[in-house]
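Structural characterization, general
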Amino acid sequence: MSRVLCLSLLLAIATPALSGELLIGNKSADTVWRVSLEDGRKLGEFATGQAPHEIAVSHDGDTALVANYGSRETPGNTLSVLDLRGGKPPRIIDLGRHGRPHGLRFLPGDREALATTEASGHLLRIDLAGGKIVAEIAMGEGRGHMVAVSADGKTAYVSKIDRGTISRVELNLNAKTAEVAAGEGAEGIAVRPGSDEVWVGNREAGTVTVHDARTLALRRTLPSPGFPIRVVFTADGRHALVSNARAATVSVFDARRKKAVTTIALARDGAEYRDTLLGRAALPIGVVADPKRPRVYVAISGGDEVAVIDRKSWKPIAYWKTGREPDALALSLLGN
């Protein structure tokens, strides 16, 4: 083989890592796909536990954590740890009595992560290197579902679908210190970058509520009809993106002015969607904003695909194939 051909092959292998990857949790296939951010090509696949529901990526981009939620009949109680750089096989963290892990976040420094566990009603602090639970934080009545973390890593916020609330957890105390009403079906939750705000998507209420990060006081209620299920922000905190599962749309808000910018339709005429929890539908769930490209990626759970949205026009520009029932999305970028 010539030196030129060898160099070409090496460059081809190296390019996906340089450009970054989209991680896709395929809930019904028990896998996480690695997909090129250049063109949606599948670059690899990890086996996970049953029904991977959420994915978190470490700040350095080296590691992904996956919540293995389990089936309707059999609750899961493990997390998968994926080596995104070194090629080591996935390892499992056993959570013992803490079943139905869901929301995940790395803490600053990447030595610890947080996980909500619906079956036991806790927020767990987990030492990743040792694979051990270092703190069990009781969340009280209701099931903590999603979790967000302040930029300094000192405070966590947990949403409860069944109670329609947001809770504040002081991590220096390992204790919940407040819980207030958000809206019926509170689920998606995120801290707006560079602000003192926490946003919550309330799926049954069809609203997004904006809360003071310190007191949890309600500052604003914004309409987002059609089962708002996830809330994320662009890296600069300028735009909030809310996936509306039943309406098959994404609501875009000017986060600073608290004003609607546009609504992006994601269901395509003639597309074949399968049965989902909300009927035969596109069912967008996971959403993530690319900090290095003017793009947003949305998991179309009922279509086994990811919609790629251009942030300049706020329109879909591509649909990438996934595994069965994509749900969680995360980005792995070189130099995170």
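Here the residue index of a chain counts from 1 through its sequence in written order. This being a predicted model, a pLDDT of at least 70 is required before a residue's local features are given, and a value of 80 or more before pairs of side-chain atoms are given or counted; all residues contribute to the totals for chains, interfaces and linings. Values reported for side chains reflect all heavy atoms of the structure, with hydrogen atoms and water molecules removed beforehand.

Let's talk about the overall build of the protein chain
- Only DSSP runs of H or I with at least four residues qualify as helices, and only runs of E with at least two residues qualify as strands; both kinds are numbered from the N terminus onward. Each helix and strand counted, the protein chain has one helix and 30 strands in total.
- For the radius of gyration, the atom set is restricted to C-alpha positions; the globular benchmark scales as 2.2 Å times the number of residues to the power 0.38. Against the compact-globule benchmark of 20 Å for 336 residues, the protein chain has a radius of gyration of 19 Å, which places it among compact chains.
- The principal-axis extent of the C-alpha atoms belonging to the protein chain is close to 65 × 45 × 40 Å.
- Within the protein chain, buried positions represent 58% of all 336 residues.
- Pairs of residues are marked as contacts when any of their non-hydrogen atoms sit within 4.5 Å. Considering only contacts in the protein chain between residues 6 or more positions apart, those separated by 24 or more positions represent 41%.
- Positive charge is attributed to Lys and Arg, negative charge to Asp and Glu, and no charge count is given to His or to the chain ends. Every charge is mapped onto a representative atom, which is NZ of Lys, CZ of Arg, CG of Asp or CD of Glu. Charge-centre separation for the protein chain: the mean point of 44 positive side chains lies 3 Å from the mean point of 38 negative side chains. The classification of residues rests on relative accessible area computed with a 1.4 Å probe and restricted to protein chains. Under 20% of the type maximum is buried, over 50% is exposed, and intermediate values are partly exposed.

What about the pattern of salt bridges?
- A carboxyl oxygen of Asp or Glu within 4 Å of a side-chain nitrogen of Lys or Arg is what we treat as a salt bridge. Tallying each qualifying case throughout the model produces 30 salt bridges.
- The partner of Arg97 in a salt bridge is Glu136, with the nearest N and O atoms 3.5 Å apart. Of this pair, Arg97 sits in the loop between β7 (91-94) and β8 (101-106) while Glu136 sits in strand β11 (residues 132-138), placing them 39 residues apart in sequence.
- Asp162 is the salt-bridge partner of Arg143, the closest N and O atoms lying 3.6 Å from each other. Here Asp162 lies in the loop between β13 (155-160) and β14 (165-170) and Arg143 lies in the loop between β11 and β12 (144-149), a separation of 19 residues in the sequence.
- The exposure class of Arg143 is partly exposed, given its relative accessible area of 44%.
- Given the relative accessible area of 41%, Asp162 is considered partly exposed.
- One connected set of salt bridges, linked through shared partners, spans Arg192, Asp196, Glu197, Asp212, Arg219 and Lys258.

Quick notes on the packing of aromatic side chains
- Each Phe, Tyr or Trp ring, with Trp reduced to its six-membered ring, pairs with another whose centre is within 6.5 Å; inter-plane angles below 30 degrees give stacked pairs, above 60 give edge-to-face pairs, and intermediate values give tilted ones. Under the criterion given, the structure shown has three aromatic pairs.
- Only Lys NZ and Arg CZ are tested; either one counts as a charge over a ring when it is within 6 Å of the ring centre and within 35 degrees of the ring normal. Across from the ring centre of Tyr319, 3.9 Å away, lies the NZ or CZ of Arg268, which sits over that ring.

Topic: the pairing of strand β15 (residues 175-181)
- Bridge count for β14 against β15 is six bridges, and the pairing is antiparallel. When the bridges of β15 are listed, Val169 appears paired with Lys176.
- Any two strands between which DSSP finds at least two bridges are classified as paired. From the end of β14 to the start of β15, which pair antiparallel, there are four residues, and Asn174 there has a positive phi angle of about 55°.

Thoughts on the nonpolar core
- Among the nonpolar cores identified, the biggest contains 17 residues, and Leu241, Leu266, Val296 and Val298 are the most heavily contacted of them.
- Looking at this core, the elements with two or more residues in it are β22 (249-254), β26 (284-289), β27 (295-300) and β28 (305-310).
- For this core, the element with the most residues is β27, which contributes three residues.
- Not counting the four nearest positions on each side in its chain, Leu266 is found in contact with Ala248, Thr249, Val250, Tyr273, Pro284, Val298, Ile300, Ala307, Ile309, Pro316 and Tyr319. We call a set of buried Ala, Val, Leu, Ile, Met, Phe, Trp, Tyr and Cys residues a nonpolar core when their side-chain atoms join them within 4.5 Å.

Concerning the sheet that holds β14
- Spatially, four strands are ordered β12-β13-β14-β15 in an open sheet, and the strand pairing comes out antiparallel. The strands lining the two open edges of the sheet, one partner per strand, are β12 and β15. Strand after strand, the sheet turns through a mean of 25° between neighbouring axes, direction not considered.
- When β13 meets β14, the two strands line up antiparallel, connected through six bridges. Across the sheet, the residue bridging to Lys160 is Thr165, located in β14. To obtain each axis, a line is fitted to C-alpha atoms, and for helices this fit is confined to the stretch in contact; angles are then taken between N-to-C directions over 0 to 180 degrees.

Notes on the environment of Leu114
- You can see Leu114 is positioned in strand β9 (residues 112-117).
- Taking relative accessible area as the criterion, Leu114 reaches 0% and is therefore assigned buried.
- Beyond its immediate stretch of four places on either side in the chain, Leu114 contacts Gly103, Leu104, Arg105, Leu107, Leu123, Leu124, Arg125, Val147, Val149, Ala156 and Leu171.

Quick look at the sheet that holds strand β16 (residues 186-191)
- One open sheet accounts for four strands, arranged β16-β17-β18-β19; its pairing is antiparallel. Of all strands in the sheet, those with a lone pairing partner are β16 and β19 (218-223), marking the two edges. Sheet twist, expressed as the average angle between the axes of neighbouring strands with direction ignored, equals 20°.
- Examined bridge by bridge, β16 and strand β17 (residues 197-202) share four bridges and lie antiparallel to one another. The residue of β17 that forms the bridge with Ala190 is Trp199.

Digging into the confidence of the model for the protein chain
- Scored by pLDDT, the protein chain has a mean of 93; 93% of the residues are at 70 or more.
- When the criterion is pLDDT under 50, residues 1-18 qualifies, and its contacts beyond four places in sequence or with other chains add up to seven contacts. Each residue carries a pLDDT value, the predictor's own confidence for that position, ranging from 0 to 100.

What about the side chain of Asp254?
- Locating Asp254 in the fold gives a position in strand β22.
- Under the relative-accessibility criterion, Asp254 is labelled buried at 14%.
- Each polar contact in these results corresponds to two N or O atoms within 3.5 Å; when the atoms are within protein, one needs to be able to donate a hydrogen and the other to accept it, and residues that are neighboring in sequence are counted only if both atoms are side-chain atoms. One polar contact links the side chain of Asp254 to the main-chain amide nitrogen of Arg256, over a distance of 3.1 Å.
- When sequence neighbours within four positions are dropped, the list of residues in contact with Asp254 reads Arg238, His239, Lys259 and Val261.

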